[in-house]
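One-letter residues, chain by chain:
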Amino acid sequence: MTFRHLILLGGIAVFAGAEPATAQSWVPVRAPERTAPQSLARPPEPATLRREKSGTAFFVDDAGHMLTARHAVEDCARIVVAKEGRVVLARTVALSPGFDLALIKAPKTLGLAAVFPRNGAASVNDMMFAAAYDKLPGMVIRGGVLANATVAPGGGEAGHLVIDSTVTFGASGAPVLDRRGLVEGVISRRTRIDRVLAVGAREAKAFLASNGIRFDQDDRPQIAGGGSRANRAASISARVTCL
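Summary of the structure given here. (Residues numbered from 1 in each chain as written. Predicted model: local features only at pLDDT ≥ 70, side-chain atom pairs only at ≥ 80, totals over all residues. Heavy atoms only, no water.)

### A short note on the sheet that holds strand E2 (residues 53–59)
Turning to step 1, where the next piece is worked out: In space, the six strands of this closed barrel follow the order E2-E3-E6-E5-E4-E15, with antiparallel pairing throughout. Here the strands of the sheet are splayed against their neighbours by 40° on average, with no regard to which way each runs.
Turning to step 2, where the next piece is worked out: Sheet analysis places strand E4 (residues 79–83) next to strand E5 (residues 86–95), joined by five bridges and oriented antiparallel. Counterpart to Val 81 in the pairing with E5 is Val 88.
Turning to step 3, where the next piece is worked out: In the packing of helix H4 (residues 229–236) onto the sheet, the strands contacted are E2, E4 and strand E15 (237–242), and the crossing angle to E15 comes to about 55°. (Pairing = 2+ DSSP bridges. Helix = DSSP H or I, 4+ residues; strand = E, 2+ residues; numbered from the N terminus. Axes fitted to C-alpha atoms, helices over the stretch in contact; angles between N-to-C directions. Contact = heavy atoms within 4.5 Å.)

Okay, here's the thing in structure tokens:
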């Protein structure tokens, strides 16, 4: 599969009509406007102010390796990882050629390592959790959140998980957690106001393995049955800023 990064596009004017004959007029026709999937990385500020975009990344081992969305860290002069008042510089290790995934490396881990499911896959209507890192502290202070998204029916692009979710800018690269606190996907982009596309766990694991990363897999819950997925996400995630 060939990776394509999609941004919001405007309408395209198309002129159609037969070659005008004598005494006939030719009128241009405008094609209906279409909208394309929207990136969830926070867009850069105007060049006169500063050039940056931000998203979310999460730790996948104890050595500081992190997984995020490719479009959130591609073509950066510097990558800054921030978590709970700590700020470190990171570097790009690898960009997936076929999916919206990137592997970056911080000097040290600032959180717990995520755990992926060993077997099985998410099913339609399964309750999920996903949020931008910047939204997590407020959720945790208010007592946490069990779920805020569901797996949508109808499928989607190969290798992706489709969820009904209202995540907004800054969520690119965020982990999609199931009821066990396991990572079922990595947020890529929004396809409509309440629907989001995430790269699936199998594709994320294959990308990590191809780059020699030893990540954790387990089908056992990583949180108690009534535990907050927001708290779990906060423990493994961080804010990533592209400068």
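### Topic: the state of the cysteines
Turning to step 1, where the next piece is worked out: Overall, the coordinates contain one disulfide when judged by the stated rule.
Turning to step 2, where the next piece is worked out: Across a sulfur-sulfur distance of 1.9 Å, Cys 76 and Cys 242 are joined as a disulfide pair. A torsion of -120° about the S-S bond marks the disulfide between Cys 76 and Cys 242 as left-handed. Highlighted residues: Cys 76 in the loop between helix H1 (70–73) and E4 and Cys 242 in strand E15, separated in sequence by 166 residues. (Disulfide = S-S within 2.5 Å.)

### Quick word on the packing of aromatic side chains
Turning to step 1, where the next piece is worked out: Going through the model one piece at a time under the given rule, you end up with two aromatic pairs.
Turning to step 2, where the next piece is worked out: The interplanar angle of 50° and the centroid separation of 6.5 Å between the aromatic rings of Phe 58 and Phe 116 together place this pair among those described as tilted. Of this pair, Phe 58 sits in strand E2 while Phe 116 sits in strand E7 (residues 115–116), placing them 58 residues apart in sequence.
Turning to step 3, where the next piece is worked out: Judged by relative accessible area, which is 0%, Phe 116 ranks as buried.
Turning to step 4, where the next piece is worked out: Aromatic side chains Phe 116 and Phe 215 sit 5.6 Å apart centroid to centroid with 70° between the ring planes, which places their arrangement in the edge-to-face category. (Phe/Tyr/Trp six-rings, centres within 6.5 Å; stacked < 30°, edge-to-face > 60°. Buried < 20%, exposed > 50% of the residue type's maximum accessible area, 1.4 Å probe, protein only.)

### What about the nonpolar core?
Turning to step 1, where the next piece is worked out: Formed by 28 residues in total, the largest nonpolar core has its most connected members in Phe 58, Leu 67, Leu 101, Phe 116, Leu 136 and Leu 208.
Turning to step 2, where the next piece is worked out: For this core, the secondary structure elements donating two or more residues are helix H2 (136–141), strand E12 (183–192), helix H3 (201–210) and H4.
Turning to step 3, where the next piece is worked out: When near neighbours in sequence (up to four residues on either side) are disregarded, Leu 101 contacts Leu 67, Thr 68, Ala 69, Arg 70, Leu 95, Ser 96, Val 186, Val 199, Glu 203, Ala 204 and Phe 207.
Turning to step 4, where the next piece is worked out: The next biggest cluster of nonpolar side chains, apart from the first, holds 16 residues, and it includes Ala 57, Met 66, Ala 102 and Val 240. (Core = buried A, V, L, I, M, F, W, Y, C linked by side-chain atoms within 4.5 Å.)

### Side note on the pattern of salt bridges
Turning to step 1, where the next piece is worked out: For the structure on display, the rule yields 10 salt bridges.
Turning to step 2, where the next piece is worked out: With a closest N to O distance of 2.8 Å, Arg 195 and Asp 164 form a salt bridge. Of the two residues, Arg 195 sits in strand E13 (residues 195–200) while Asp 164 sits in strand E10 (residues 160–164), which places them 31 residues apart along the sequence.
Turning to step 3, where the next piece is worked out: Judged by its relative accessible area of 18%, Arg 195 is buried.
Turning to step 4, where the next piece is worked out: Salt bridges linked by common partners bring Asp 178, Arg 180 and Glu 184 together as one network. (Salt bridge = Lys/Arg side-chain N within 4 Å of Asp/Glu carboxyl O.)

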